[in-house]
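Inside the fold
What follows is the residue order along each chain.
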Amino acid sequence: MSTKIKFEIEFPIHASPHMLYQYFGTPSGLSEWFADNVNSRGELYTFIWDGSEEQARVLQERPDEKIKFKWLEDGDEKIFFEFRIEVDEITKDVSLIVTDFAEEDEIEESKMFWENQIEELKHTIGA
């Protein structure tokens, strides 16, 4: 079994933390840019793409700050993906930090996936 490697990517986004959080901390927000449709029942989120679905559980949530998910089909307990908002104390610039895991030979591909997704997010919120 190959080990997945953790990586983080930072995206500057011109939006308030509160507004930005609505797009990844709620099923309706996520379905606007991340998946075709997203449903939730408590901590269990179901992501739907082209008729296939994947489920993730919310591991940790801090409104307007971060949300951390774990794909149910990924058996490794240490693996998760997270959206985290950071605000620069001095400039007040807002960044979205995405943390995810990928196989070593798939990290570049995963980063490109997230870059495309976040472009879609920025387009959606007009940032």
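The structure reproduced in this document is the subject of the present report. (Residues numbered from 1 in each chain as written. Predicted model: local features only at pLDDT ≥ 70, side-chain atom pairs only at ≥ 80, totals over all residues. Heavy atoms only, no water.)

1. Some words on the environment of Thr-99
Considering the arrangement of structural elements, one finds Thr-99 in strand 7 (residues 94-103). Residue contacts for Thr-99: discarding those within four places in its chain leaves Lys-6, Phe-7, Glu-8, Phe-80, Phe-81, Glu-82 and Arg-84. A polar contact of 3.4 Å, which involves the side chain of Thr-99, links it to the side chain of Glu-8. (Helix = DSSP H or I, 4+ residues; strand = E, 2+ residues; numbered from the N terminus. Contact = heavy atoms within 4.5 Å. Polar contact = N/O pair within 3.5 Å; in protein donor to acceptor, adjacent residues only side chain to side chain.)

2. What about the sheet that holds strand 1 (residues 4-12)?
Read from one edge to the other, the open sheet built from 7 strands follows the order 1-7-6-5-4-3-2, with strand pairing classed as antiparallel. For this open sheet the edge positions go to strand 1 and strand 2 (37-41), each flanked by a neighbour on one side alone. Each strand axis lies, on average, 25° off the axis of its neighbour in the sheet, ignoring direction. In this sheet, strand 3 (residues 44-49) lies alongside strand 2 in antiparallel orientation, the contact comprising 5 bridges. Counted as the bridge partner of Asn-39 is Thr-46 from strand 3. Set on the sheet, helix 3 (residues 107-125) makes contact with strand 1, strand 6 (81-87) and strand 7; between it and strand 1 the angle comes to about 30°. (Pairing = 2+ DSSP bridges. Axes fitted to C-alpha atoms, helices over the stretch in contact; angles between N-to-C directions.)

3. Remarks on the pattern of salt bridges
Side chains carrying opposite charge are able to pair once their charged atoms draw close together. A complete count under the given rule lists 6 salt bridges for this structure. Between Asp-74 and Lys-4 there is a salt bridge whose closest N-O contact spans 3.3 Å. On the criterion of sequence distance, the pair formed by Asp-74 in the loop between strand 5 (66-71) and strand 6 and Lys-4 in strand 1 is long-range, its members being 70 residues apart. The buried category is assigned to Asp-74, whose relative accessible area is 16%. Using a relative accessible area of 34% as the deciding quantity, one classes Lys-4 as partly exposed. Of the charged contacts in the structure, one is a salt bridge between Arg-84 and Glu-82, with a shortest N-O distance of 3.3 Å. Residue Arg-84 shares its accessibility class with Glu-82, and that shared class is buried. Put simply, Glu-8, Lys-66, Glu-82, Arg-84 and Glu-86 are held in one network by salt bridges that share partners. (Salt bridge = Lys/Arg side-chain N within 4 Å of Asp/Glu carboxyl O. Buried < 20%, exposed > 50% of the residue type's maximum accessible area, 1.4 Å probe, protein only.)

4. Concerning the packing of aromatic side chains
Considering all chains together, one arrives at 24 aromatic pairs under this definition. Arranged with centres 5.1 Å apart and planes meeting at 75°, the rings of Tyr-45 and Phe-69 form a pair that is edge-to-face. With Tyr-45 in strand 3 and Phe-69 in strand 5, this residue pair connects regions lying 24 residues apart in the sequence. Phe-69 matches Tyr-45 in its accessibility class, with the two residues each being buried. An angle of 65° between the planes, with centres 5.2 Å apart, marks the rings of Phe-47 and Trp-71 as edge-to-face. Here the residue Phe-47 occupies a position in strand 3, and Trp-71 occupies one in strand 5, the gap between them amounting to 24 residues. As far as the burial class goes, Phe-47 and Trp-71 line up, both buried. (Phe/Tyr/Trp six-rings, centres within 6.5 Å; stacked < 30°, edge-to-face > 60°.)

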